Structure formats: C-alpha cells, structure tokens
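Residues per chain are reported as follows:
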Amino acid sequence: MAVEGGTLSELYQRSRRLLLKTRDDLERLERLAAALDLPELSVSVRRDISQTLALCSEMDGLWRSVASKPQRDLWKRKVEQVAEEADSLRESLDRYMQRQQRRTQEAQERAELLGRTNGESSHILRIFDEEAQAMESARNSSRMLEEATATGATILAKYSEQRERLKGAQRKALDVLNTLGLSNSVLRIIERRNRVDQWIKYAGMILTLIIVIVFLRWVR
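Residues numbered from 1 in each chain as written. Predicted model: local features only at pLDDT ≥ 70, side-chain atom pairs only at ≥ 80, totals over all residues. Heavy atoms only, no water.

Draft legend 1. Fine view of a nonpolar patch on the surface. Taken together, the side chains of Ile 206, Ile 210 and Val 214 present a nonpolar region at the surface, about 270 Å² in accessible area. Following the sequence through the fold, Val 214 ends up in helix α5 (residues 184-219). Its relative accessible area of 51% is what places Val 214 among the exposed residues. (Patch = residues over 30% accessible without salt bridge, like charges linked within 9 Å, V, L, I, M, F, W, Y side chains within 5 Å. Areas by Shrake-Rupley, 256 points an atom, 1.4 Å probe, with all protein chains shown as cover. Salt bridge = Lys/Arg side-chain N within 4 Å of Asp/Glu carboxyl O. Helix = DSSP H or I, 4+ residues; strand = E, 2+ residues; numbered from the N terminus. Buried < 20%, exposed > 50% of the residue type's maximum accessible area, 1.4 Å probe, protein only.)

In structure tokens:
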C-alpha cells in the first residue's frame, strides 16, 4: 500500500503534468508553424514524450505489485491511458515534423525556381497585371453598357407614355371640337400640329438611340 499511495501516485501525477505540458507545447507548435520555426520547442516536446513513456514503464512495473486486485486493475487502466496519450502525442509530433520538412523543402524549391526564372517571373507578373486591368476595364464597360441600356429603355418608355397621353388628349380635343361644331379647317390645323408633334417625338427617339449607340462604341 505504501507503493500504491506514494511512489506510484507520484509517478502518475508527474506523467499527467508532463502530458499537459506536452499538449500545450504541441498546440503552440501547430499554431506558430506557418510563421516561425521552433526547433528547440519541438526537441523539448519530444523529450517530454520520451520522459512520459519512461514513467509509464516504471509505473507498469509498480502497479503489478499492488496487492488489491481492484486497485491493481484501476492502476493498470490509468497507466495504459497515459501511455496511449503519450503515443498519440508522439504521432502528432511526427506528423508536425513531416509537415515542417515538406514546407522547408517546398520553400527551397520555390527559392531555386525563382532564382532561375527571375526575369521570366517579372514578365509573367506583368502579363497577369495587364490581364487584371483588362478584366477590370471589361467589367466597367459592361456596367456602363447596362446603365446606358437602362437609361435608353427608360427614355423610350417615357416617350411611349407621352404618346399615349397625346393620343388621349387628341381624342378628347376632337370630341370637344366636334361637339362645339368647329370648322374642318380648325380640325386640319390640329391634325397637322399633331403630325408635327409626332415627327418631333420620333426624331427625339432616333436621336436618343444614336446617342446610346455612340456612347456604347466610345466605352468599348
């Protein structure tokens, strides 16, 4: 019981503290992997994992000497759990080291490639910049085209609305004049005025279309 309550418990508490510290350090490595290379911290993490596994080996020999079977089974599960967590952290560290090695190799390859193609890279960047400017210009032209089309459609709709109003007004005026019995000459004058208004309306519509077409050719 002295072993159970003293040395075994002490080793177990030490192993749990090491696991907690190792997990925190490994999370820090993962978090800072893209910005910093921390070889000292990775070495420390591996050392703590090895120390934890060594403690597991010591505890594995101690729990077997516990007299009470329930207590012995309990310590067995605790030690196995610590060993499994340590193995899991070691695998995570190995994966981290492999990723870091790939990043280092890829960085070296990129540096070598940029060194060999320094002149070509500037040319490629210039091409990309020109293409980006062309795409932006195309988007601006498309937006201006849509605005011009919408403006033209609005103008034509207003002309159509005014035409319907003029027709209604003409019919009302003719009805009133017929009711008043005005002469045919007055009616002809009104009709001629209406035809002149229609020509003015159509000329305005054609002029609007010409302005829209010229604007579209200009933005292109």
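Draft legend 2. Representation of helix α2 (residues 39-63) within the structure. Relative to the 36 Å expected for 25 residues at 1.5 Å per residue, α2 spans 36 Å between its end C-alpha atoms, a close match to the ideal helical length. Of the positions making up α2, those classed as buried are Leu 41, Ser 42, Ser 44, Val 45, Asp 48, Ile 49, Thr 52, Leu 55, Cys 56, Met 59 and Trp 63. (Expected span 1.5 Å × (residues − 1).)

Draft legend 3. Highlighting the nonpolar core. One finds Leu 8, Leu 29, Met 59, Trp 75 and Leu 93 to be the most contacted residues of the largest nonpolar core, which totals 23 residues. Residue assignment for this core shows that the elements contributing at least two residues are α1 (2-32), α2 and α3 (69-116). (Core = buried A, V, L, I, M, F, W, Y, C linked by side-chain atoms within 4.5 Å.)

Draft legend 4. How the structure looks around α3. The terminal C-alpha atoms of α3 lie 70 Å apart, and with 48 residues this matches the ideal 70 Å at 1.5 Å per residue to within 8%. Those residues of α3 that sit buried are Trp 75, Val 79, Val 82, Glu 85, Ala 86, Leu 89, Ser 92, Leu 93, Tyr 96 and Gln 100.

Draft legend 5. Geometry of the packing of aromatic side chains. Evaluation of the coordinates by the stated rule reveals one aromatic pair. Ring geometry for Tyr 12 and Trp 75: centres 5.6 Å apart, planes at 80 degrees, overall edge-to-face. With Tyr 12 in helix α1 and Trp 75 in helix α3, this residue pair connects regions lying 63 residues apart in the sequence. With a relative accessible area of 6%, Trp 75 lands in the buried category. Sitting over the ring of Tyr 12, Lys 78 keeps its end group 5.3 Å from the ring centre. In this structure, Lys 78 packs its charged tip against the face of Trp 75, placed 4.7 Å from the ring centre. (Phe/Tyr/Trp six-rings, centres within 6.5 Å; stacked < 30°, edge-to-face > 60°. Lys NZ or Arg CZ within 6 Å of the ring centre and 35° of its normal.)

The values are spatial; any link to function lies outside them.
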